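# Secondary and tertiary structure notes
Here is what each chain is made of, one letter per residue.
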Amino acid sequence: MGVGGAARRSWGAAVLVLQAAWALGGGQVRYSVPEEAEAGTVVGRLAQDLGLEAGEAEARRLRLVARGRRASVEVSGASGALVVSSRLDREELCGKSAPCALRLEVLLDRPLRVFHVEVEITDINDNAPRFPAASKNISISENSPLNSQFPLESASDADIGSNAQLSYTLSPSEHFTLEIEKADERGAIPDLVLKRPLDRESLSEHRLVLTASDGGRPALTGTVQLVISVLDSNDNAPQFNQSVYKVQLPEDAVEGTLVARVAATDPDEGINSEMTYAATNFIPLSGKDLIFVHSRTGEIRLTGPLDFEQVSLFHFRIEARDKGTPPLSGHCKVVVEVLDVNDNAPEVWVTSLSVPVSEDAALGTVVALLSVSDRDSGPNGRVRCAVRPPSPFGLVATFAGSYSLVLREALDRERVSEYEVEVRAEDGGAPPLRAIRGLRVPVSDVNDNAPAFAQAVYTVLARENNAAGAELARLWARDPDEAGNGRVSYSVAEGGAGSGSGSGSGWRPASSYVSVDAESGRLRALRPLDYEELQVLQFEVRAVDAGEPPLCGNATVQLFVVDENDNAPALLPPAGGGPGPWAAGEAAEAGWRASGSAAEAGSSGSSWSLWARAAWAAPAGQVVAKIRAVDADSGYNAWLRYELREPQGNGPFRVGLYSGEVSTARALEEADGPRQRLLIVVRDHGEPPRSATATLSVSLVEGPEAVLSVAGMGAGAALAGSVGVGSDGGSSGVAAAAMAATNVWLVVAICAVSSLLVLAVVLYGAGRWAPRAAVLAGPGPATLVCASEVGSWSYSQRHSRSLCVATDGAGKSDLMVFSPNCPPPPCPAPKETPQDPPALLDTVSSACEPLFSSFLSSLPSFLPSLYLLSLCSSPFLGSHLRVLAAVC
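Here's a quick rundown of the structure. In this text the structure is predicted, and so the values were computed from the model without any measurement. (Residues numbered from 1 in each chain as written. Predicted model: local features only at pLDDT ≥ 70, side-chain atom pairs only at ≥ 80, totals over all residues. Heavy atoms only, no water.)

Scanning the model with the defined rule gives eight aromatic pairs in all. Seen in terms of ring centroids, Phe240 and Tyr277 are 6.2 Å apart; in terms of plane orientation they differ by 55°. Their pairing is tilted. Of the two residues, Phe240 is situated in strand β16 (residues 239-240) and Tyr277 in strand β20 (residues 275-283); the sequence distance between them amounts to 37 residues. Judged by relative accessible area, which is 12%, Phe240 ranks as buried. By relative accessible area, Tyr277 is classed as buried at 10%. Ring geometry for Phe453 against Tyr458: centres 6.2 Å apart, planes inclined by 80°, an arrangement best described as edge-to-face. Given a relative accessible area of 9%, Tyr458 falls into the buried group. Members of the aromatic cluster, joined through ring pairs, are Phe453, Tyr458 and Tyr490. (Phe/Tyr/Trp six-rings, centres within 6.5 Å; stacked < 30°, edge-to-face > 60°. Helix = DSSP H or I, 4+ residues; strand = E, 2+ residues; numbered from the N terminus. Buried < 20%, exposed > 50% of the residue type's maximum accessible area, 1.4 Å probe, protein only.)

It is worth spelling out the sheet that holds strand β39 (residues 514-516) at this point. The strand order across the open sheet formed by three strands is β35-β40-β39, and the pairing between neighbours is antiparallel. Two strands close off the open sheet at either side, each with one partner strand: β35 (471-474) and β39. Pairwise comparison of adjacent strand axes, ignoring direction, gives a mean angle of 20° for this sheet. In terms of strand pairing, β39 meets strand β40 (residues 522-525) through three bridges, oriented antiparallel. If you follow Ser515 over to β40, its bridge partner there is Arg524. (Pairing = 2+ DSSP bridges. Axes fitted to C-alpha atoms, helices over the stretch in contact; angles between N-to-C directions.)

All right, on to the pattern of salt bridges then. In total, this model carries 23 salt bridges according to the counting rule given. Taking the shortest distance from any N to any O, the salt bridge between Asp109 and Arg63 comes out at 3.2 Å. Of this pair, Asp109 sits in the loop between β7 (101-108) and β8 (113-122) while Arg63 sits in strand β4 (residues 63-66), and the two are 46 residues apart along the sequence. On the accessibility criterion, Asp109 (13% relative accessible area) is buried. Between Arg301 and Glu299 there is a salt bridge, with its nearest N and O atoms 3.4 Å apart. (Salt bridge = Lys/Arg side-chain N within 4 Å of Asp/Glu carboxyl O.)

Turning our attention to the side chain of Ser148. Note that Ser148 resides in the loop between β9 (135-141) and β10 (149-151). Overall, the relative accessible area of 14% leaves Ser148 in the buried class. A distance of 2.5 Å separates a polar side-chain atom of Ser148 from the backbone oxygen of Pro145. Ignoring any residue separated from it by four or fewer positions in sequence, one finds Ser148 in contact with Leu192, Val193 and Leu194. (Polar contact = N/O pair within 3.5 Å; in protein donor to acceptor, adjacent residues only side chain to side chain. Contact = heavy atoms within 4.5 Å.)

Either a parallel or an antiparallel arrangement is found when strands of a sheet pair, and the pairing is made through backbone hydrogen bonds. The strand order β45-β49-β48 describes an open sheet built from three strands, whose pairing is antiparallel. Looking at the sheet topology across the chains shown, the edges are occupied by β45 (623-626) and β48 (653-655). Put simply, the sheet's adjacent strands are angled 25° from each other on average, direction ignored. Relative to strand β49 (residues 661-664), β48 is paired through three bridges, and the arrangement is antiparallel. Paired with Val655 across the two strands is Val662, which belongs to β49.

Here you go:
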């Protein structure tokens, strides 16, 4: 290696940069550097050739990526120059291949770009020719003809090109000359040619020196000593039937495969015709380990694996030597061509990976850079690439063997948070070979999902008089985003209760009743709720995430207050609203009168003192008075019952359990006394029940006075007893008794006519004006009362229907129709409702209208006779008939 070292020093003194230019076809930079260049030798100014400014190479991280082999060059970070980093030995890197090039990829960041750089390693003459052995023994028969050729083993040179072009010279000899046979472009084969006859007796051995010189400057040489032995006469050498054997073998041929069978003939007889075969002169020398020649049969067999990627063609010589004395030999040439098979799978390299990928990344975003190669050639080396799954990523070819993994479809982290991407490479062989490279691509979150409640409308029931701070419900909104984008906070957005829409005293915002915990979504009451003040509260709860910008979602909450029995029954004044004509000329004796009492503590309501009149000898079941009460609660809490507490036992009066009517339990007698005191308790059905008491004083009067009381009370006061018996037997006598009887019948007739008139007016008014809402006068919330045989029901809502007739300023009927005790549903969807059937009252009114017209037409003719009769009987009855005539 002394000559080679001198050559390296000479080349190292003058480093040549042969070329640094862009290839117009695809942005590829080519450089050239001689082998054995010292470390630090500048190959090329890469940053400048790429068009980068000073300092930009280091800022954008200019770097190299080698394809599966050790790179002997690197990029200087400061200058951006491409320099030698380790020893460059062309023969180690490429062997006999020419040209020898390092294919590199250069990456730049911000933005990510890839460039392809090819560095050609040029050969220097650092290897001298070498013969297989230092000496060569050659036996030549003395009777060999002139111009006989004796092949010599050629030398080999590890260099290429002109450095490997060998020339041979032979030391001076008068018997032998050297003839060069041009084998192929790989080199020449020297032959020793006999020019003068040999004479073993004069010289039995010739020693010559064969020198091989390469084409380098300076040229390097190698020598072998030729020892030529002159043999005795065996004048026929073996001859092959063809001079060249050409064989093609696939590279996957197994060991022991028959390559060829050669045969030679020798016209001599006996031992001089017996031959042995041997293989010599392998080019390249690695073929010696792959070929075996059978010495007797001439069969050539494979002894090792072939590799098209290392050696695609090699040749050698077969020598047939006879057993004569001296032995003679013949030679032929065998050329073996290795055929490529698809025995190399593609290789996939990830040169750059940018993860995670934001879920709002734009289409076409580069996720990774890939490099694909296949060592096979032809169709076996053509590679197709695909990505699995086919979405949302795809491959884009950027250069031969280079691909970019790009985004083809929009990402959604809530649907898929991470992708396992497989890049599959498949060559064009038969059968094709595949390679798979897996990539894990996580997706980063952005705030693209608003919080969503499980329900659009929440219905919450809360009992009134609840404790302040009590938990009413828990609301929950789901946000599929992660971290801060999915952290939800809650608040009361809007809503309220009351009659006003602003900040007046009649309207209160929902935030004054309830609050919602910002983190847990727990809905709590800020103060006790009162059903009589608030039945339903509707408001919105807003859920806002912590993203940037924040997103929100709303839900409607309908809070229904459930009634508790917290109101005692309250007694009502008479239906007329004022004192009634209980007795003629006595304003102090009004039908119902409160004596004044305060509300009692606990569950008891107010206590009232009332009085009424009843006629002596009134039959059992005669209604004397009616207790009217109302409860501000609803449902069972407002369902009232009436009980007679005093007197107990077999008293003369009784109270209807649910109607509140005070009636005679038996016929009244003088023994019952002139006045009866009744203590009546009004109780609701709540838990615990609440009550109110009323003291009713009933005065027992004579029959005529009781009848007059009935005539003056009207429909709104309590009904008095029946007609009483006469006086004690004074001076009135029989005439007074007859007059009283006549008056009684007149009163009965007038009441009958008045009842027909009232009934007709009621039916007519119901058909013409019904339905009509009625509201009781008085302080506090509007309250409707329904009286029937099952009790008195109060309904505190403002949705009711009432049937009333107003005559003489007093109500004539307590009949009411009311809706169920529940608040209307919030914001109902408009629907087309079917046409309601005609009401029963409308039907009755239509049927009774002709009857009412005929009754009114005949009433004036009937009233005069009644009027004349009343004048003869009593001035009091005459006044009532005049009123009735005026009404008609």
